[in-house]
Amino acid sequence: MVHGERPEHTAPPEVFYDSTEARKYTTSTRIIQIQEELTERALELLALPEDGQPKLLLDLGCGSGLSGETITENGHHWTGFDISPSMLEVAAEREVEGDLCQKDLGQGLGIRPGVY
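Only a predicted model underlies this, so the values are computations on that prediction, with no experimental measurement involved.

J.: When you look at the overall build of the chain in this model, what are you seeing that I'm missing?
T.: Regarding its fold elements, the chain presents five helices and three strands. Starting at the N terminus and ending at the C terminus, the chain contains elements arranged as α-α-α-β-α-β-α-β. Against the compact-globule benchmark of 13 Å for 116 residues, the chain has a radius of gyration of 15 Å, which places it among compact chains. Seen through its C-alpha atoms, the chain measures out along the principal axes to roughly 50 × 30 × 25 Å.

Take a look at the structure:
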């Protein structure tokens, strides 16, 4: 690996985020904090109506479901797409409440417009 090169640039995400890397990512307190803060900010920017009704949100690149947990804690439902089967396995083991789907976003979403 070249100095300064990000480790995930050494292999495609479905290869780089193997079981070991997926677990390291998911248990890093730094990553957990970053994901929580970014998700809270994303929810602010969405400016969802405060009508007491949970919304259905799409988490693209959901990984092991860290952001999804924040979505759930804010009272919403979510579906997560990720390319890495190992990250999705960790999410399933953690029993996240969102629906999980292995998907390469470069190939399109394959969902009807207006669903999310």
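That was the structure; now back to the text.
J.: Mind showing me how you'd approach a negative patch on the surface here?
T.: Together, Glu36, Glu37, Glu40 and Glu73 make up a negatively charged patch on the protein surface. With three residues, the top contributor of residues to the negative patch is helix 3 (residues 29-46). Structurally, Glu36 is set in helix 3. You can call Glu36 partly exposed: its relative accessible area is 40%.

J.: Any chance you could explain the pattern of salt bridges here in plain terms?
T.: Once the charged atoms of two side chains with opposite charge are near each other, the side chains can pair. Inspection of every chain in the model, using the stated rule, returns five salt bridges. Note that Arg94 is salt-bridged to Glu69, the shortest N-O span being 2.5 Å. With Arg94 in the loop between helix 5 (85-93) and strand 3 (99-102) and Glu69 in helix 4 (residues 66-73), this pair connects stretches of sequence that are 25 residues apart. Here Arg94 falls in the partly exposed class, since its relative accessible area comes to 27%.

Conventions used here
- Residues numbered from 1 in each chain as written.
- Predicted model: local features only at pLDDT ≥ 70, side-chain atom pairs only at ≥ 80, totals over all residues.
- Heavy atoms only, no water.
- Helix = DSSP H or I, 4+ residues; strand = E, 2+ residues; numbered from the N terminus.
- Rg over C-alpha atoms; globule rule 2.2 N^0.38 Å.
- Patch = residues over 30% accessible without salt bridge, like charges linked within 9 Å, V, L, I, M, F, W, Y side chains within 5 Å.
- Areas by Shrake-Rupley, 256 points an atom, 1.4 Å probe, with all protein chains shown as cover.
- Salt bridge = Lys/Arg side-chain N within 4 Å of Asp/Glu carboxyl O.
- Lys, Arg positive; Asp, Glu negative; His and termini not counted.
- Charge placed at Lys NZ, Arg CZ, Asp CG, Glu CD.
- Buried < 20%, exposed > 50% of the residue type's maximum accessible area, 1.4 Å probe, protein only.

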